[in-house]
Amino acid sequence: MTDLLPAAGYIRVSTRRQAEAGTSMDEQKKGIERDAERLGYVIVEWYVDGGVSGRSDRRPEVQRVITDSCSKTRPYHAVYIYNFSRFFRDDFETEAYRRKLEKHGVQLLSATQQITPGPHARLQRAIITAMDAAASDINAEQVTQVMRANAKDGFWNGSVPPLGYETYTAEIRGKKHKKKLRVLSSEAAVVEYIYGRY
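These remarks concern the structure in this document. The shown structure was predicted, so the numbers you read here are calculated from the model rather than taken from an experiment. (Residues numbered from 1 in each chain as written. Predicted model: local features only at pLDDT ≥ 70, side-chain atom pairs only at ≥ 80, totals over all residues. Heavy atoms only, no water.)

**Looking at unusual backbone geometry**
Moving on, step 1. Notably, R74 is not glycine yet its phi reads approximately 45 degrees, a positive angle.
Moving on, step 2. With respect to the secondary-structure elements, R74 resides in the loop between α3 (60-69) and β3 (78-81).
Moving on, step 3. Its identity as a non-glycine residue notwithstanding, S159 has a phi of 70 degrees, on the positive side.
Moving on, step 4. What makes S159 exposed here is its relative accessible area of 64%. (Helix = DSSP H or I, 4+ residues; strand = E, 2+ residues; numbered from the N terminus. Buried < 20%, exposed > 50% of the residue type's maximum accessible area, 1.4 Å probe, protein only.)

Next up, the structure:
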């Protein structure tokens, strides 16, 4: 096929581990390219947000693809995503940005969740994105409960430890290293000095 329409490809991975491993990115890219070609599109530029949540629009690449797509030059006929949850995990945000693209003559297309054109398209999208949003909310609640229980048991939940502390493995449960905080002597004097000055 020669007269392929230009499209942008948007990829998001939610964890830094996924972003570094690249597996999820590769799977999304291949799936998008395959479906784009099937429908007569070619991906001319990729936009990739690595290690970020889909629950917010505070993502540099999602904002860039929207801005570029809605520009006066209109470089793309479509923005391709792997599935709607890769675009947003919020049904209202998904629809708001989809409409913004549509207003500028750009389609939002999913490689794995095809929407049938016609009067039922809106209902199909609403069901898919609402289910994605609900799954995200349930997952967030479960993660919060696990983190609270972990903290209640005296373990560190992750991220960079505060100044004056370091993490160490206190227990190993299966493959999981349960970590706790301890004073880091090389920084303790600095913390004491700051506290004293305050």
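**Some points on the pairing of β3**
Moving on, step 1. Across the two faces of β3 the burial is the same, with A78 and Y80 and V79 and I81 all buried.
Moving on, step 2. Pairing of strand β1 (residues 5-13) with β3, which is carried by 4 bridges, proceeds in the parallel orientation. Residue A7 lies in a different strand from β3, and its bridge partner there is A78.
Moving on, step 3. Looking at chain direction, β3 and strand β4 (residues 107-110) are connected through 4 bridges and run parallel. If you follow Y80 over to β4, its bridge partner there is L109. (Pairing = 2+ DSSP bridges.)

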